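Secondary and tertiary structure notes
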Amino acid sequence: MTKNKDIMPKRVRIAALVRRLCDIVLSLLLSVCLLPLSVFVALAIILRDGGNPFYWHVRVGQNGKRLAVLKFRTMKRGADRIENMLTPEELAVYRLEYKLPDDRRLIGYKKAGDGRRCFGAVLRRTSLDELPQVWWNVLLRGNMSLVGPRPVLREELDRHYTKEEQTLFLSVKPGLTGYWQAFARNRACYENGERQKMELYYAKNQSLRLDVKILFRTVIAVFTKAGAK
């Protein structure tokens, strides 16, 4: 029994080391290759809406630690004051899924329907707003992995996951992309329970082989807009 206990933690440590090395190598390559695109996106945000092109969002990280996620800003300045920018009906929808199908706070939004085609919506639909996480959260900070459950708000965890499920969810390092995002995206949501099932499935069955499948599927999903709204 003692021998088995000693072997398992060693295997876990080796797997974590291999995963981290893969994250460093791939995120470094991506950071270099995507640098011109990142500069272009940052300048476009400044020209269209002014202010800081970056946005910090506090989420829950591995083992419940505070996680500051860096993103390109897709919303107009002052969008954090949601009570002043959304109608009561929109607020109710937002507090259910933490997103809106036609968000008037997005950069470039002028009239109904722009939430699907304005500048901020394009950044989200193509996942360009997530680019800063590659070099900041994955490469430099190491508090995120390329693949893992998407980092969420504390209130999302408390509302949609049991205590046991939260423990499993938080046992895994959050990812830039994940099983839910790659294979279902907006087709799986909190309301129908599919998002929770997929995130927990990954937490239980994570492996380098599954990570490779998710990475390839993510590329396909982004370019084909599969599951996007």
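The coordinates are above.
Residues numbered from 1 in each chain as written. Predicted model: local features only at pLDDT ≥ 70, side-chain atom pairs only at ≥ 80, totals over all residues. Heavy atoms only, no water.

1. Describing the side chain of Glu 156
Our working definition: Here a strand is any run of E in DSSP of at least two residues, a helix any run of H or I of at least four, and the numbering for each starts at the N terminus. The buried label applies to any residue whose accessible area, calculated with a 1.4 Å probe on protein chains only, is under 20% of its type's maximum; exposed applies above 50%, and partly exposed to all values in between. Counting rule for charge: Lys and Arg are taken as positive, Asp and Glu as negative, and neither His nor the chain ends is counted. Only one rule defines a salt bridge in this text: a Lys or Arg side-chain nitrogen within 4 Å of an Asp or Glu carboxyl oxygen. In this description, contact between two residues means that some pair of their heavy atoms is separated by no more than 4.5 Å.
Among the structural elements, Glu 156 can be located in helix α7 (residues 154-160). Although Glu 156 lies buried, it forms no salt bridge, and the closest oppositely charged side chain, Arg 195, sits 4.1 Å away as judged by the N-O distance. Look past the residues within four positions of Glu 156 in its chain and what remains in contact with it is Tyr 98, Tyr 161, Tyr 190 and Arg 195.

2. Thoughts on the pairing of strand β1 (residues 54-60)
Threshold: For two strands to be treated as a pair, DSSP must find no fewer than two bridges joining them.
Note: β1 against strand β2 (residues 66-72), 7 bridges, orientation antiparallel. By the bridge assignment, Tyr 55 is partnered in β2 with Lys 71.

3. A word on the nonpolar core
Keep this limit in mind: Each nonpolar core is a collection of buried residues, namely Ala, Val, Leu, Ile, Met, Phe, Trp, Tyr and Cys, held together in the definition by side-chain atoms within 4.5 Å.
Met 144, Leu 146, Val 147, Tyr 202 and Ile 214 are the most contacted members of the largest nonpolar core, which has 14 residues in total. Among the secondary structure elements, those contributing two or more residues to this core are β2, α6 (131-141), β3 (145-147), α10 (194-205) and α11 (208-224).

4. Quick look at the side chain of Asp 23
What counts here: Side-chain atoms alone can form a polar contact between residues adjacent in sequence; in general such a contact is a pair of N or O atoms within 3.5 Å, and within protein one must be able to donate a hydrogen while the other accepts it.
Here Asp 23 shows up in helix α1 (residues 2-33). Arg 20 provides the closest opposite charge to the buried, salt-bridge-free Asp 23, at an N-O distance of 4.7 Å. Of note is the side chain of Asp 23, whose polar atom sits 3.2 Å from the backbone nitrogen of Leu 146. Ignoring any residue separated from it by four or fewer positions in sequence, one finds Asp 23 in contact with Leu 28, Val 138, Met 144, Ser 145 and Leu 146.

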